[in-house]
Amino acid sequence: MELDLISAKNHRQSRKKISFRQRIDQLQKFRKKYGHCDVPLSHDRLLSEWVTKIRCARKNPSAAHYPTITEEYIQMLDALNFEWDLVTKPGPSLAPLEPRPP
């Protein structure tokens, strides 16, 4: 029982609010290392979920359960060559993560 409480506490702490700019910084580091912005769940679950929510927020701007995405945020993501519409096909998210060659 005590272990369950510790595990639940750690899970809540990992869900603390992170600013948009902090997520952009994380995504920028990921892109620099791997050459794309399609973060797989297996690499960083929270960043991967954030990327998915950002895509959904742009497609559904009036949906209250998605974050508000401003034009400034869109420009920041566009500067990273963020792919707004992913097609289910073999690609970066399905391939093993390998750092870009220097």
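Our subject is the structure listed above.
An account of the accompanying structure is given in this report. Values in this document were obtained by computation on a predicted structure and should not be read as measured data.

What counts and how
- Residues numbered from 1 in each chain as written.
- Predicted model: local features only at pLDDT ≥ 70, side-chain atom pairs only at ≥ 80, totals over all residues.
- Heavy atoms only, no water.
- Phe/Tyr/Trp six-rings, centres within 6.5 Å; stacked < 30°, edge-to-face > 60°.
- Helix = DSSP H or I, 4+ residues; strand = E, 2+ residues; numbered from the N terminus.
- Buried < 20%, exposed > 50% of the residue type's maximum accessible area, 1.4 Å probe, protein only.
- Lys NZ or Arg CZ within 6 Å of the ring centre and 35° of its normal.
- Expected span 1.5 Å × (residues − 1).
- Contact = heavy atoms within 4.5 Å.
- Salt bridge = Lys/Arg side-chain N within 4 Å of Asp/Glu carboxyl O.

Quick notes on the packing of aromatic side chains
In this description, a pair of aromatic rings is defined by centroid distance and the angle of the planes. For the structure on display, the rule yields four aromatic pairs. For the ring pair Phe 30 and Tyr 34, a centre distance of 4.7 Å and an interplane angle of 40° mean the geometry is tilted. Placement of the pair is Phe 30 and Tyr 34 together in helix α2 (residues 20-34), with a separation of four residues, close to one helical turn. Residue Phe 30 is classed as buried on the basis of its relative accessible area, which comes to 4%. An aromatic cluster of at least three residues, connected via ring pairs, comprises Phe 20, Trp 50 and Tyr 73. Taking NZ or CZ as reference, Arg 58 lies 4.5 Å from the ring centre of Trp 84, over its face.

Considering α2
Compared with the 21 Å implied by 1.5 Å per residue over 15 residues, the 21 Å span of α2 between its first and last C-alpha is a close match. Packing partners of the buried residues in α2 comprise α3 (45-59) and α4 (71-79). Within two residues after α2, Gly 35 carries a phi angle of roughly 85°, on the positive side.

Some words on the pattern of salt bridges
Applying the stated rule across the entire model yields three salt bridges. The partner of Arg 21 in a salt bridge is Glu 72, with the nearest N and O atoms 2.7 Å apart. In this pair, Arg 21 is assigned in helix α2 and Glu 72 in helix α4, connecting sequence segments 51 residues apart. On the basis of relative accessibility, which here comes to 41%, the residue Glu 72 falls in the partly exposed class. Measuring nitrogen to oxygen at the nearest pair gives 3.3 Å for the salt bridge that ties Glu 49 to Arg 45. Linking Glu 49 with Arg 45, this pair stays in helix α3, spanning four residues, or about one helical turn. On the basis of relative accessibility, which here comes to 23%, the residue Glu 49 falls in the partly exposed class. Of the residues examined, Arg 45 reaches a relative accessible area of 34% and is grouped as partly exposed.

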